[in-house]
Amino acid sequence: MGIRENLLLLKKDIPDRITLVAVSKTRTIHEIMEAYETGHRDFGENKVQEIIQKQPLLPADIRWHFIGHLQTNKVKYITPIISLIHGVDSLKLLAEINRQAMKLNRIIPCLLQFHIATEESKFGLDLDEVEAMLKSDLFRTFRNVSICGVMGMATFTNDTSVVRREFKSLAEIFGNLKAEFFNSQESFKEISMGMTGDYQTAIEEGATMVRIGSALFGERDT
Ligand SMILES: *Cc1c(COP(=O)(O)O)cnc(C)c1O
């Protein structure tokens, strides 16, 4: 099946209130354009090099999401083009995003990435770290970033009960942060969780954004 058909099927499956981020890492300009021409505008990439190569070759009204691990020294390359940074996992990184955004006179939307999986390899923060961060004097000085919610990746397993528990915990963290720090901020509203293998569970547990690659573009080689 083609990308267009896959996209239409996914859109039937995913309620309109939920943002579908089409994960286009490793895909060609041609493949991305096929989704674009069906009306899709939200695309996600996980490598700085790749996103800055592709972005100028594609329509300017695409909303680019950065979903990978972002190194502080590379922030400056994506700040002019990015709509949402999903993977903020340190105060240092957030400070650099703020600094680069200030130069551009932009306010950049960001999500805080939480470590919810049992696997060691996944990046992310825990609730104590984030609370310390949000209470810090440095954080209070930031004027050019907007914290819009949380992001997480579940353990890579077929055991739905494990995945469900992890998504539940992220939704709970979101609720706690909302109550403690962002009650008056309407823009704090996103829970980015769920990929091809687990997006249905994520939606059941309260996802507002799902990040889907393979189910849309087909299996990846890498
Ligand atoms: C690759 C990737 C996805 C999409 O994965 P699929 O299984 O192809 O849907 C989602 N989120 C992140 C952070 C990724 O790196």
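Read on for an overview of the structure. Since we're looking at a predicted model, the values are computed, not measured.

Surrounding the ligand, one finds Val-23, Lys-25, Ile-67, Met-151, Met-153, Met-195, Thr-196, Arg-211, Ile-212, Gly-213, Ser-214 and Arg-220. A distance of 2.9 Å is found between a nitrogen atom of the ligand and a side-chain nitrogen or oxygen belonging to Arg-211. A distance of 2.8 Å separates an oxygen atom of the ligand from a polar side-chain atom of Arg-220. Protein coverage of the free-state accessible area of the ligand, which is 390 Å², stands at 91%. A breakdown of the residues in the shell around the ligand according to their chemical character gives 6 nonpolar, 3 polar and 3 charged.

Below, the discussion takes up the packing of helix α1 (residues 3-13) against helix α2 (residues 29-37). Interaxial distance between α1 and α2 falls to 9 Å at its minimum, and their mutual angle equals 45°. The angle between α1 and α2 falls in the class oblique. You can see that α1 and α2 cross each other, and the crossing is right-handed. Taken together, the residues of α2 that come into contact with α1 (itself represented by Ile-3, Arg-4 and Leu-7) are Glu-31, Glu-34 and Ala-35. Each residue belonging to the contact of α1 with α2 can be placed in one class, and the counts come to 3 nonpolar, no polar and 3 charged.

Within α2, the full set of buried residues consists of Ile-32, Ala-35 and Tyr-36. Looking straight down α2, one finds that the buried residues subtend no more than 105° of arc, so they occupy a single side. Exposed and oriented more than 90 degrees from the buried face of α2 are His-30 and Glu-37. Summarising the contacts, the buried residues of α2 are in contact with α1, β2 (42-45), α3 (48-54) and α10 (214-217). Trailing α2 by a residue or two, Gly-39 shows a phi angle of about 110°, which is positive.

Taken as a whole and judged by the stated rule, the model has 5 aromatic pairs. Each ring, one from Phe-43 and one from Trp-64, has its centre 6.2 Å from the other, and the planes form 45°; the classification is tilted. One end of the pair, Phe-43, is in strand β2; the other, Trp-64, is in strand β3 (residues 63-66), with 21 residues separating them in the sequence. Aromatic pair Phe-174 and Phe-188: ring centres 4.9 Å apart, planes at 5°, arrangement stacked. Taken together, the residues Phe-174 in helix α8 (residues 160-181) and Phe-188 in the loop between α8 and β7 (190-192) connect sequence positions 14 residues apart.

Cut-offs applied
Chains are numbered independently. Their residues run from 1 in the order of the written sequence. Per-residue local features of the predicted model are confined to residues with pLDDT of at least 70, and side-chain atom pairs are confined, for both listing and counting, to 80 or more; whole-chain, interface and lining totals are unaffected and use all residues. Only heavy atoms go into the side-chain values, all of them from the structure, while hydrogens and water stay out. By convention in these notes, a residue is near a molecule or strand provided one of its non-hydrogen atoms lies within 4 Å of it. Distance and chemistry together define a polar contact, namely a pair of N or O atoms within 3.5 Å, with one atom able to donate a hydrogen and the other to accept it when in protein, and with adjacent residues in sequence counting only for side-chain atoms on both sides. Every accessible area reported is derived by Shrake-Rupley at a probe size of 1.4 Å, with residue values counting cover from the shown protein chains alone. Residues are grouped as follows: Ala, Val, Leu, Ile, Met, Phe, Trp, Tyr, Cys and Pro are nonpolar; Asp, Glu, Lys and Arg are charged; every other residue, Gly included, is polar. Fitted lines through C-alpha atoms give the axes, limited to the stretch in contact for helices. The angle between two N-to-C directions lies from 0 to 180 degrees. The numbering of helices and of strands both runs from the N terminus, where a helix is a DSSP run of H or I of at least 4 residues and a strand a run of E of at least 2. When an angle is under 35 degrees it counts as roughly parallel; over 145 it counts as roughly antiparallel; between 65 and 115 it counts as roughly perpendicular; any other value is oblique. Less than a right angle of anticlockwise turn of the near helix away from the far helix marks a crossing as left-handed, whereas a clockwise turn marks it as right-handed. In what follows, a contact means two residues having at least one pair of non-hydrogen atoms within 4.5 Å. Only protein chains enter the area calculation, which uses a 1.4 Å probe; residues under 20% of their type maximum are buried, those over 50% are exposed, and those in between are partly exposed. The arc in question is formed by the directions pointing from the helix axis toward the C-beta atoms. What counts as a ring pair is set by centres within 6.5 Å for rings of Phe, Tyr and Trp (its six-membered ring), and what kind of pair is set by the plane angle: stacked under 30 degrees, edge-to-face over 60, tilted for all other angles.

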